[in-house]
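So you can see what is in the structure, the chains are spelled out below.
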Amino acid sequence: MLSKKVQEILNEQIKIEAESSQVYLAMASWAEIQPGIDNVTSFFYQHSEEERQHMLKLIHFVNERGGFATIPALSQPQLTFPSIKHAFDALLKHEVFVSESINKCIDVALAEKDYATHNFLQWYVAEQIEEEALARTMNDKLELIGDDKSGMYMFDRDILSIGMNVADKK
Ligand code: FEO
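Residues numbered from 1 in each chain as written. Predicted model: local features only at pLDDT ≥ 70, side-chain atom pairs only at ≥ 80, totals over all residues. Heavy atoms only, no water.

Caption draft 1: Structural detail: the nonpolar core. Core analysis: the largest hydrophobic core is formed by 25 residues, its most contacted members being V40, F43, F44, F88, M138 and F155. Of all the elements in the fold, those that place two or more residues in this core are α1 (4-32), α2 (38-64), α3 (84-111), α4 (115-145) and α5 (149-168). With 6 residues, α1 is the single largest residue contributor to this core. Apart from residues no more than four positions distant in its own chain, F44 is found in contact with Y24, M27, A28, A31, A87, F88 and L91. (Core = buried A, V, L, I, M, F, W, Y, C linked by side-chain atoms within 4.5 Å. Buried < 20%, exposed > 50% of the residue type's maximum accessible area, 1.4 Å probe, protein only. Helix = DSSP H or I, 4+ residues; strand = E, 2+ residues; numbered from the N terminus. Contact = heavy atoms within 4.5 Å.)

This is the structure we're talking about:
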């Protein structure tokens, strides 16, 4: 059975994962109307879908442990970006924020001696390491590319395999 404090913090995390999905969905929709970045667009759509899975995993956990997962209202995400680099910068900052919020959940679980929730959250800790690494890799590449159009062409060509390579190193 979840304590009130654990249930509250996990419900906050459900909202954060849902908003993450919206944040990346907005990036995907913006990218879709930019010329020549079809794979970047797919990357954002896929990432949005992954965040929805993160949210669902939490919802099921809360409900299975005798709590009640409450589906939250969501805030409006950023809709447009000055450049692809700006979008990926925002993605990295957002993932760092998510990692911090997962750490807060763990702090509460430990304070409440809820070792099952602590154990469950380790999956999110590992996921955040991977997602931050991926976002840093993308930002490093975009930094190198700068305004070089052929570099951007290759970035778009390779982005889906960059994601897989970082995941493999986990
Ligand atoms: Fe579910 Fe990218 O944090």
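Caption draft 2: Representation of the side chain of E132 within the structure. Here E132 shows up in helix α4. A polar contact is formed between the side chain of E132 and the side chain of S99, at a distance of 2.5 Å. (Polar contact = N/O pair within 3.5 Å; in protein donor to acceptor, adjacent residues only side chain to side chain.)

Caption draft 3: Geometry of the packing of α3 against α4. Where α3 meets α4, the axes come as close as 9 Å, and the angle between the chain directions of the two elements is 160 degrees. Between α3 and α4, the angle falls in the class roughly antiparallel. Relative to α4, α3 is oriented so that their crossing is left-handed. (Axes fitted to C-alpha atoms, helices over the stretch in contact; angles between N-to-C directions. Parallel < 35°, antiparallel > 145°, perpendicular 65-115°, else oblique. Left-handed = near helix turned anticlockwise from the far one by under 90°.)

Caption draft 4: Seen up close, the layout of surface pockets. Put simply, the largest pocket is a space of about 220 Å³. Forming the walls of the largest pocket are S83, I84, K85, L142, I145, G146, D147, D148, K149 and M152. Mapped onto the lining of the largest pocket, the elements with two or more residues apiece are α3, α4 and α5. Grouping the amino acids of the lining of the largest pocket by side-chain chemistry returns 4 nonpolar, 2 polar and 4 charged. (1 Å grid on protein atoms, 1.4 Å probe; cavity = no way out; pocket = protein on both sides within 12 Å on 5 of 7 lines; lining within 4 Å. Points joined across faces, edges and corners; volume = space filled by probe spheres on them. Nonpolar A, V, L, I, M, F, W, Y, C, P; charged D, E, K, R; others polar.)

Caption draft 5: Highlighting the packing of aromatic side chains. Under the criterion given, the structure shown has 8 aromatic pairs. When the centroid spacing of 5.0 Å and the interplanar angle of 35 degrees are considered together, the rings of F44 and F88 count as tilted. Residue F44 is located in helix α2, and its partner F88 is located in helix α3; the two are separated by 44 residues in the primary sequence. The pair F44 / F88 is uniform in exposure class, with both members buried. (Phe/Tyr/Trp six-rings, centres within 6.5 Å; stacked < 30°, edge-to-face > 60°.)

Caption draft 6: Fine view of the pattern of salt bridges. Evaluation of the coordinates by the stated rule reveals 6 salt bridges. For R136, the salt bridge identified is with E132, shortest N-O distance 3.0 Å. With a gap of 4 residues between them, R136 and E132 both fall in helix α4, about one helical turn apart. Its salt-bridge partner being R157, residue D158 comes within 3.0 Å of it at the nearest N-O pair. Salt bridges linked by common partners bring K85, D89 and E143 together as one network. (Salt bridge = Lys/Arg side-chain N within 4 Å of Asp/Glu carboxyl O.)

Caption draft 7: Region of the structure containing α3. A rise of 1.5 Å per residue sets the reference length of α3, with its 28 residues, at 40 Å; its end C-alpha atoms lie 41 Å apart and thus fit the reference within 8%. For α3, the N-terminal cap is S83; the gap from its side-chain oxygen to the backbone nitrogen of K85 is 3.3 Å. Following α3 by one or two positions, K113 adopts a phi angle in the positive range, close to 55 degrees. (Expected span 1.5 Å × (residues − 1).)

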